[in-house]
Amino acid sequence: MKPMLRTTEPPSANPGPANGTPKRSITLVRRAIRTGFRPEPWKRGPVLAALALLLGLVMLLHSMLPSRYGNLGGLVETFLPWLGLFVPVLLAGALWRRSASAVAALLLPVVVWLGLFGGLLIDKSHSDGDLTVATHNVNADNPDPAGTARDLAASGTDVLALVELTPQARGTYEKELEKTYPYHAVLGTVGLWSRLPLSDTQPVDIETDAGPLGEAKPAEVKMAYARALRTTVATDRGPLAVYVAHLGSVRVFPRNGFWTDSRDRNAQALAEAVAAEQSERVVLLGDLNGTMDDRAFAGLAAQLRSAQEAAGDGFGFSWPARFPVARIDQILVRGVEPRSSWVLPATGSDHLPVAAGISW
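All of the points below concern the structure found in this document. Owing to the predicted nature of the structure, the values given are computational and were not obtained by experimental measurement. (Residues numbered from 1 in each chain as written. Predicted model: local features only at pLDDT ≥ 70, side-chain atom pairs only at ≥ 80, totals over all residues. Heavy atoms only, no water.)

## Observations regarding the overall build of the protein
Within the protein, the secondary structure is distributed over 14 helices and 14 strands. The burial tally for the protein puts 45% of its 360 residues in the buried class. Sequence-distant contacts, at least 24 apart, represent 71% of the contacts inside the protein between residues at least 6 apart. Element-wise, carbon and sulfur atoms account for 59% of the exposed surface of the protein, whose accessible area totals about 19,600 Å². (Helix = DSSP H or I, 4+ residues; strand = E, 2+ residues; numbered from the N terminus. Buried < 20%, exposed > 50% of the residue type's maximum accessible area, 1.4 Å probe, protein only. Contact = heavy atoms within 4.5 Å. Areas by Shrake-Rupley, 256 points an atom, 1.4 Å probe, with all protein chains shown as cover.)

## Re the side chain of His136
Tracing the backbone shows His136 in strand 1 (residues 131-137). Taking the relative accessible area as the measure of exposure, His136 reaches 0% and is therefore buried. One polar contact links His136 to Thr347, side chain to side chain, over a distance of 2.8 Å. Discounting chain neighbours no more than four positions away, the residues touching His136 are Thr148, Leu152, Ala161, Leu162, Val163, Thr347, Ser349, His351, Leu352 and Pro353. (Polar contact = N/O pair within 3.5 Å; in protein donor to acceptor, adjacent residues only side chain to side chain.)

## As for the environment of Gly316
By the secondary structure assignment, Gly316 is in the loop between helix 14 (307-311) and strand 12 (329-334). Accessibility expressed as a relative area gives 13% for Gly316, which makes it buried. Sequence-distant contacts of Gly316, defined by excluding residues within four places in its chain, comprise Gln308, Arg327 and Val343.

## Some thoughts on unusual backbone geometry
Of the consecutive residues Trp319 and Pro320, the connecting peptide bond is found in the cis state with omega at -15 degrees. Tracing the backbone through its elements, the reader meets Pro320 in the loop between helix 14 and strand 12. The phi torsion at Glu164 lies on the positive side, around 65 degrees, for a residue other than glycine. If you trace the backbone, Glu164 turns up in the loop between strand 2 (159-163) and helix 9 (167-177). Phi at Asn289 takes a positive value of approximately 55 degrees, unusual for a residue other than glycine. Of note, Asn289 is situated in the loop between strand 10 (282-287) and helix 13 (298-301).

## Observations regarding the sheet that holds strand 5 (residues 198-203)
If you trace the six strands from one edge of the open sheet to the other, you get 5-6-7-10-12-11, paired in mixed fashion. Each edge of the sheet is formed by a strand with only one pairing partner; in this case those strands are strand 5 and strand 11 (305-306). Where strand 11 meets strand 12, two bridges bridge the pair, whose relative direction is antiparallel. Residue pairing across strands places Ser306 opposite Leu332, the latter belonging to strand 12. (Pairing = 2+ DSSP bridges.)

## Re the pairing of strand 12
Burial analysis of strand 12 places five of its six residues in the buried class, which makes it a mostly covered element. Pairing of strand 10 with strand 12, which is carried by six bridges, proceeds in the antiparallel orientation. Within strand 12, the position partnered with Asp287 by the bridge is Asp329.

## Some points on the sheet that holds strand 2
Strands sit in the order 3-4-2-1-14-13 across an open sheet of six strands; the sheet is mixed. Looking at strand neighbours, the two that pair on one side only are strand 3 (183-187) and strand 13 (337-343), the edges of this open sheet. Mean inter-strand twist for the sheet, computed between neighbouring axes without regard to direction, equals 15 degrees. Taken together, the five bridges between strand 1 and strand 2 define a ladder with parallel strand orientation. (Axes fitted to C-alpha atoms, helices over the stretch in contact; angles between N-to-C directions.)

## Regarding the nonpolar core
Counting 22 residues, the largest nonpolar core has Leu192, Leu240, Val242, Val244, Val283, Leu285 and Ile331 as the members making the most contacts within it. If you list the elements that add at least two residues to this core, you get strand 1, strand 2, strand 4 (190-194), strand 6 (228-235), strand 7 (238-246), strand 10, strand 12 and strand 14 (354-359). Among residues more than four places away in sequence, those in contact with Val283 are Leu240, Ala241, Val242, Tyr243, Leu332, Val333, Val336 and Ile358. By size, the runner-up hydrophobic cluster in this structure holds 20 residues, among which are Val204, Ala228, Ala245 and Val282. (Core = buried A, V, L, I, M, F, W, Y, C linked by side-chain atoms within 4.5 Å.)

Here's what the structure looks like:
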């Protein structure tokens, strides 16, 4: 009977894991590369690819969208950052369809969105600042103006602008804020409270009344519902011109679309007033009823910097308070350096207060 011989293979010089993971990974990569060069994945999902390109072009060329026939351009610009949410939706569809063309087309909206808003994802705030300013639309229907005033007084801001003041609530705000802010000025529905002295307060004509009937109204009648003022704050670094404004409301109508006529008229008049300002240092506070991406504010954007864009952390959305989707409450500056910008906690208003630290 012959003995049985057992043979064993010599050990591999580079033994890998038992499951062959490295070889499997290399195989998958090679397979993916080969798949990418095949014509089939590039032919799949033409509709998804077209939608991705359209999305990128809308964001890139938003200023060229028509403003007539429902003001589509203004509506898109108001919610422009939110268009980025379509990217993951289209990406999921492209992956499901295994469409290489759709994935490649998505590079356009991704690059455009990052170019427009990528800087807002970086925290640019600094802790130092010579003066803290804030603005808040307190809401004419605020159920607790006294509580709102106390919350704002506790925020630590040096200069506080309030808009949408009513004759019934004005006394409440004056009473609750007088200990913290010894100086204040109110004209119509807008006001400014300050720890520092104020002087040369005057209304700013933002053409709230348009046409012959508006021009025929006497000054004392217009003053009762004035929506903008200009005053001088005396700081230890010199005078600071402060504007407080509440521009006209916008509406969405089923037949007329996105209506912004009064706001746009107010924005142009306010831009002209700021252009005529002699002071080198200017701060504009208020509810502009629009985002700085809107073409209606091109005149203001050409003269003033957004504190949120220059020194904020995130988008700084301020409206509506329960689920903010847009920053329509603005702090814009000229001649001073924004050092920080943030959103204050909610009050009894439907807007969130916003604040900023500035320095010279």
